[in-house]
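Residue-level structural notes
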Amino acid sequence: MKKRPLKVILTVIFSLFLMLVTACNSSTPVASPDDNQIAVGAEFAAYYQANDGSVMFGQPLTSRFVDPVTGNVWQYFEHMRLEYDGTNVFITPLGEWAWSGVADPVVMPTTTTGEQLSLGGFVVQDEFLRFYRTGKRSVTLGNPISPQIDEGGLQVQYFKNGRLEWQPAAAATERVQVGDLGRAHYLASGAQTLYETIIQAQPASATAVDEVIIEAQVQNAILYAGDEQVVFVEVKTPDGRPIPELTIWLEVTVEGQGPQPIYSLGQTNELGQLQGPIPLNDVEPGKEVTVLVQALVGDTILSGSSTVTFKLWW
């Protein structure tokens, strides 16, 4: 039998806080501003739109999800991470996080002409200052926490919540850009593993998917006469979530005899799993049996299938 001890353990561990996730998901998310198929969470939509979202935060990297330790709702964007504590939306200070890891910074010289702004002992100047003073960007970024530095040939400056970068090859209106600290923190902090574990522990609705990943295997690669063959099936979404209440159909084909009648195995459980017998009618010993496993919603066959084979022995 195909065992899934890790999945069972994770399901138990996250069962409590997944109830919180479900409760927080009751509101409808706002569509993402691009075509990456990830929505800006309902908790963050108004804040995102009011604060120059695509420029300051970038596109969503994750759906909104619940931190199991604090209970806060998180959502990662390319440049920053937003948090919701049940009352307020705020920005995780990823600029402070990233600046703390910078060793031996190479400080750029301060210009002697043009406008300058001194905050907390650090000067914001030139194009960085013009960008910083536009709209609400100074509030979104927070105060500067570093001078302008040369970071591997890239001119940057760190602020409490983010990092500004000078990109001279970009179009004139896009030469100052917010750095991808959201992506960096997501990959470096363990948040990616947490997010994927949480998402994969949440069942998907059978009626909301049109593509599935089916894993199937049989109990016996060689089936002796008189024995019963059992197939084990697991169905999940392309991003790894189990899909309960999917009807699984088997199409059994015997070498030299053609296909047998299509057979319903039943419906998947809450873990997207199902097991049951494979019907075999008058199969001659020594023949190879091929089983096509498919998933249906209503009378619609979903994209994605799996094939397993075995031989009947004497």
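Check the entry above for the structure.
A brief structural summary.

What counts and how
- Residues numbered from 1 in each chain as written.
- Predicted model: local features only at pLDDT ≥ 70, side-chain atom pairs only at ≥ 80, totals over all residues.
- Heavy atoms only, no water.
- Helix = DSSP H or I, 4+ residues; strand = E, 2+ residues; numbered from the N terminus.
- Buried < 20%, exposed > 50% of the residue type's maximum accessible area, 1.4 Å probe, protein only.
- Contact = heavy atoms within 4.5 Å.
- Polar contact = N/O pair within 3.5 Å; in protein donor to acceptor, adjacent residues only side chain to side chain.
- Pairing = 2+ DSSP bridges.
- Axes fitted to C-alpha atoms, helices over the stretch in contact; angles between N-to-C directions.

1. Considering the environment of Tyr84
As for its position among the elements, Tyr84 is in strand β3 (residues 81-84). Assessed through its relative accessible area of 23%, Tyr84 is described here as partly exposed. Sequence-distant contacts of Tyr84, defined by excluding residues within four places in its chain, comprise Glu43, Phe44, Asn72, Val73 and Val89. Of the polar contacts made by the side chain of Tyr84, one reaches the backbone oxygen of Gly86; its length is 2.8 Å.

2. Examining the sheet that holds strand β14 (residues 230-236)
Strand order in the open sheet made by the three strands is β12-β14-β18, with antiparallel pairing throughout. Edge strands, defined here as strands with exactly one partner in the open sheet, are β12 (213-218) and β18 (273-277). On average, each strand axis in the sheet is inclined to that of its neighbour by 20°, with strand direction left out of account. Bridge count between β14 and β18: five bridges; the pairing is antiparallel. Within β18, the residue paired with Phe232 across the bridge is Gln275.

3. Here's the deal with the environment of Leu117
Mapped onto the elements of the fold, Leu117 is located in strand β6 (residues 116-119). Residues Leu117 and Arg133, 16 residues apart in the sequence, show an inter-C-alpha distance of 9.9 Å. Excluding its chain neighbours within four sequence positions, the residues that come into contact with Leu117 are Phe122, Val123, Val124, Leu129, Tyr132 and Arg133.

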